[in-house]
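This is what each chain is made of:
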Amino acid sequence: MDLHFLGGATTVTGSQYLLDTGRARVLVDCGLFQGSPNEAIRNRVPLAYDPATIDILLLTHAHLDHCGLIPHLVNEGYRGRIIATRGTCELAELVLLDSGKLQEEFAKREARWEKRHPELVAADDAKELAEYQEALDVAAGKIPAPPPKEHVDDAPPPPTTHAGAAERAAAGSEAGPVAPDAATVTSAAVSEEVLVAIAGGASPALPAFRGGGDPDIDVEADLRAQPPHVQVDLDAPLYTARDAERAVQQFDAIDYDQEREVAPGVHATFFDAGHILGSAMIRVRVEAAGAAGPGPARETTIVFSGDLGRPHTPIIRDPTVQTIADYVLIESTYGGREHEPEDEAIRILAETVRMVSDASGVLLVPSFAIGRTQEIVYALDRLLEDGKIPLLPLYLDSPMASKASDIYRRHADYFDDDTRRLLESGDTPLDYPNQTETRDVKDSQAIAQAQRPYMIVASNGMLTGGRVLGHLRNLIDDPAATLLFVGYQGEGTLGAHLQAGATTVMLDGQVRQVRCKVRSISGFSAHADEGELLDWLRHFVDGRRPGDAGFPRTVFLVHGDPQAQIVMEPKVQALGFTTRIPRWREVVTLG
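The rules behind these values
- Residue numbers restart at each chain and count upward from 1, following the sequence in its written direction.
- Residues qualify for local features only when their pLDDT is at least 70, as the model is predicted, and side-chain atom pairs are given and counted only at 80 or more; totals for whole chains, interfaces and linings, by contrast, use all residues.
- As a convention, hydrogens and water are excluded, and side-chain values are obtained from all of the structure's heavy atoms.
- Put simply, DSSP H or I for four residues or longer makes a helix, DSSP E for two residues or longer makes a strand, and each gets a number counted from the N terminus.
- In this scheme, a residue with accessible area under 20% of its type's maximum is buried, one over 50% is exposed, and one in between is partly exposed, where area comes from a 1.4 Å probe on protein chains only.
- Throughout, a residue-residue contact means that at least one pair of heavy atoms, one from each residue, lies within 4.5 Å.
- Only the protein chains shown count as cover for residues, and all accessible areas are computed by the Shrake-Rupley method using a 1.4 Å probe.
- Only four residue types enter the tally: Lys and Arg on the positive side, Asp and Glu on the negative side; His and the chain ends are excluded.
- Within this document, salt bridges are pairs made up of a side-chain nitrogen of Lys or Arg and a carboxyl oxygen of Asp or Glu, the two lying within 4 Å of each other.
- Nitrogen and oxygen atoms within 3.5 Å of one another constitute a polar contact, given that in protein one can donate a hydrogen and the other can accept it, and given that sequence-neighbouring residues count only through two side-chain atoms.
- Take the residue count of a helix, subtract one, and multiply by 1.5 Å to get its expected span.
- The rule is simple: put a 1 Å grid over the protein atoms alone, call a set of points where a 1.4 Å probe fits but cannot get out a cavity, call an open set with protein on both sides within 12 Å along at least five of seven lines a pocket, and count a residue as lining if it has an atom within 4 Å of a point.
- Grid points are joined across faces, edges and corners, and a volume is the space filled by probe spheres set on the points.
- We call Asp, Glu, Lys and Arg charged. Ala, Val, Leu, Ile, Met, Phe, Trp, Tyr, Cys and Pro are nonpolar, and the rest, Gly among them, are polar.
- Angles shown run from 0 to 180 degrees and are taken between the N-to-C directions of axes, each axis being a line fitted to C-alpha atoms and, for helices, limited to the stretch in contact.
- Between 65 and 115 degrees an angle is taken as roughly perpendicular, under 35 as roughly parallel, over 145 as roughly antiparallel, and anywhere else as oblique.
- Each crossing is labelled by how the near helix is turned from the far one, with a counterclockwise turn of less than a right angle marking it left-handed and a clockwise turn marking it right-handed.
- Think of it this way: DSSP has to see at least two bridges between two strands before they count as a pair.
- Note on scores: pLDDT gives the predictor's confidence for each residue, bounded by 0 and 100.

K.L.:
Looking at this structure, I do not really get the overall build of the protein chain. What am I missing?
P.N.:
Counting its regular elements, the protein chain contains 17 helices and 23 strands. Split into buried and exposed, the 591 residues of the protein chain put 60% on the buried side. For the protein chain, long-range pairs separated by at least 24 residues make up 77% of all intrachain contacts whose partners lie at least 6 apart in sequence. Put simply, the protein chain shows about 21,500 Å² of open surface, and 49% of that area lies on carbon and sulfur atoms.

K.L.:
Even after reading the chapter, I still don't get the side chain of arginine 544, so can you show me in this structure?
P.N.:
You can see arginine 544 is positioned in the loop between helix H16 (530-538) and strand S21 (554-558). One buried charged residue, arginine 544, forms no salt bridge at all, with the nearest opposite charge on aspartate 542 at 4.6 Å. Reaching out from arginine 544, the side chain makes a polar contact with the backbone oxygen of phenylalanine 540 at a distance of 3.1 Å. A polar contact of 3.4 Å, which involves the side chain of arginine 544, links it to the backbone oxygen of alanine 549. The residues touching arginine 544, leaving out its near neighbours within four places in the chain, are Thr323, Ile324, His539, Ala549, Gly550 and Phe551.

K.L.:
Explain helix H11 (residues 399-410) here, please?
P.N.:
Note: α-helices contain 3.6 residues per turn, so residues at a spacing of three or four share the same orientation. With twelve residues, H11 should reach 16 Å at 1.5 Å per residue; the first-to-last C-alpha distance of 17 Å fits that figure. Listed as buried for H11 are Met400, Ala401, Ser402, Ala404, Ser405, Ile407 and Tyr408. Each element contacted by the buried residues of H11 is listed here: helix H4 (86-116), helix H10 (372-385) and strand S15 (435-437).

K.L.:
Explain empty space enclosed by the protein here, please?
P.N.:
In this approach the atoms are scanned with a rolling probe the size of a water molecule, which exposes any empty space left behind. By the definition in use, this model includes ten cavities of 30 Å³ or more. Space inside the second largest cavity adds up to approximately 120 Å³. What lines the second largest cavity is a set of 13 residues, among which His275, Pro314, Ile316, Gly371 and Glu375 lie closest to the centre. In terms of residue class, the lining of the second largest cavity is built from six nonpolar, five polar and two charged.

K.L.:
Explain the pattern of salt bridges to me, please; I cannot follow it from the model alone.
P.N.:
Oppositely charged side chains can form a pair if their charged atoms are brought close together. Applying the stated criterion to the full structure yields 33 salt bridges. Measuring nitrogen to oxygen at the nearest pair gives 2.6 Å for the salt bridge that ties glutamate 351 to arginine 519. One end of the pair, glutamate 351, is in helix H9 (residues 342-358); the other, arginine 519, is in strand S20 (residues 517-520), and 168 residues separate them in sequence. Its relative accessible area of 24% is what places arginine 519 among the partly exposed residues. Residues joined in a network through salt bridges with shared partners are Asp406, Arg409, Asp431, Glu437 and Arg439.

K.L.:
What's the story with the packing of H16 against helix H17 (residues 562-573) in this structure? I'm lost.
P.N.:
A pair of packed helices is characterised by two quantities: the angle between their axes and the separation of those axes. Axis separation between H16 and H17 bottoms out at 11 Å; the angle between their running directions is 30 degrees. With respect to H17, the axis of H16 lies roughly parallel. In the crossing of H16 with H17, the sense of the turn from one axis to the other is right-handed. Residues Glu530, Leu533, Leu534 and Leu537 of H16 lie in contact with H17, whose contacting residues are Val567, Met568, Lys571 and Val572. A class-by-class count of the residues in the contact of H16 with H17 yields six nonpolar, no polar and two charged.

K.L.:
Please explain the sheet that holds strand S8 (residues 260-263) as it appears in this structure.
P.N.:
Hydrogen bonding along the main chain pairs the strands of a sheet, whether they run parallel or antiparallel. Read from one edge of the open sheet, seven strands run S8-S9-S10-S11-S12-S21-S22, paired in mixed fashion. Single-partner strands in this sheet number two, and they are S8 and strand S22 (579-580). Bridge analysis of strand S10 (residues 280-287) against strand S11 (residues 299-304) gives six bridges, and the strand direction is antiparallel. In the sheet register, isoleucine 282 faces S11, and the bridge partner there is phenylalanine 304. Lying on the sheet, H16 is in contact with S10, S11, strand S12 (327-331) and S21; it crosses S12 at an angle near 165 degrees. Contacting S12, S21 and S22, H17 runs over the sheet at an angle of about 160 degrees to S21.

K.L.:
Looking at this structure, I do not really get the environment of glycine 309. What am I missing?
P.N.:
With respect to the secondary-structure elements, glycine 309 resides in the loop between S11 and S12. What makes glycine 309 buried here is its relative accessible area of 2%. Taking C-alpha positions, glycine 309 is 3.9 Å from histidine 275, a pair spaced 34 residues apart along the chain. Every residue in contact with glycine 309, bar those within four places of it in the chain, is listed here: Ala273, Gly274, His275, Pro319, Ala526 and Ala528.

K.L.:
So what exactly am I meant to see when it comes to the confidence of the model for the protein chain here?
P.N.:
Any region with low pLDDT has predicted coordinates that should not be read closely. Here the protein chain shows a mean pLDDT of 84. Residues at 70 or above account for 84%. Across residues 149-230 the pLDDT falls below 50, and counting only partners more than four positions away or on other chains, this stretch makes 250 contacts in the model.

Here is the structure:
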């Protein structure tokens, strides 16, 4: 039985694992790589398998770095079911349709840029091909993967999207770096082309690309020892909105805690992961081929953690405790890091709202549309109910967040006991009393004329695109404005530089002074921190010792950057586990 690590290996994005039991081929997740060019270009590398040979796809949740490659998989020939919870099916449809639309928009912008800058096209194409060649070489094991660092140049380059930019722009990942090459072309809801780069301060250089840049690459020979040549159009959309519409027809909803035989000899159970609505950890139980005769059949149990949420967070339930497995794949996004306590996060939020109110200013909260926005609205509603903040107007400026909130409201059965009790009492914890949802671009632009003080929650959470950049443009040099970060800022993103204290930024090709206040809260993260991940793993010990039934033979650290995994690995080993940090496209035979 082989386990193929096709994504989420020494990187935070691109989650994808192929389990080949000999009788069945099961794919767990099918996500987009996001971040720096040397990672995002991996989306263009031919799949490591024939999609027609995959029996089933199991999906943990609806963030783009876990589901974003599904339409491409279907285009390449996958015709099987895509099993996920009902909440994930609905949210993933929203995410994938948006991703397809964005990729089409970016392809059109790339074409327009090439028409305006014909003298730069050859150099741009050569750079794209070099990135692609390097990704092929890494996939084939010819060279090691370059460091997964995000990058923003000191000055904006020509406004090209480059290969993989559409995938990065469509980023809905709660965690995981979503940095641009050296420019960010935002959603059409803001403007056709908005360049974002950091002015002043040192920026790391991009890794040297070692590929030859030959467009006629024998991809099949490099990756699967097959003869055909494959040529790719690196400027074309990876898939379109219509492709996404076709792909979601293959979704098949499953309830939590109900085991189902999903392929010959393979039984899957989805458990609540407490990350976003519908998120799941998946326990896969594999029957041994040819196991016959008296007594129970031999079997192997593998637990895929997906993205684990934090215990005691609002709205959705806590991550489910797992106690028995032969192998465990655990995310390591926050290896070596701990979040501040939730009470402290709520205190800072309330203090910030009161400060903005007293200054008759504006509070701008960059927030991801799925999960984080709903949690912020919930927190504001509770603070208002408790009399800890004044009733300021709240503008929710994210069409995707509004649609996601509608999906949340339809799935109250996923909520924790506290949220359900609020709903039963007639309360509306997902709706702030004085909120306005701006689904139209003109309404978004009109917010700047609203009477102060007021609050804006807008996507996306790292300032790498979306309507939030339009508001930042208006508020960056306003001393009465406060920019409040409530989530992870990928290294090299505009959000990370502002969070680190940058005093100047470049917006629309102009250097702007940062005069607004900048504050951060880490307690709202939807990812378990290192201590919480280790606490979840401890349940597999539960009085057992290595070699005992149910004690994992190996714990694989996945979905984390190398630095986080290196720090976390010895702490996992201290619990008694044998560990392994798999590389991209590594294949491990499970004993």
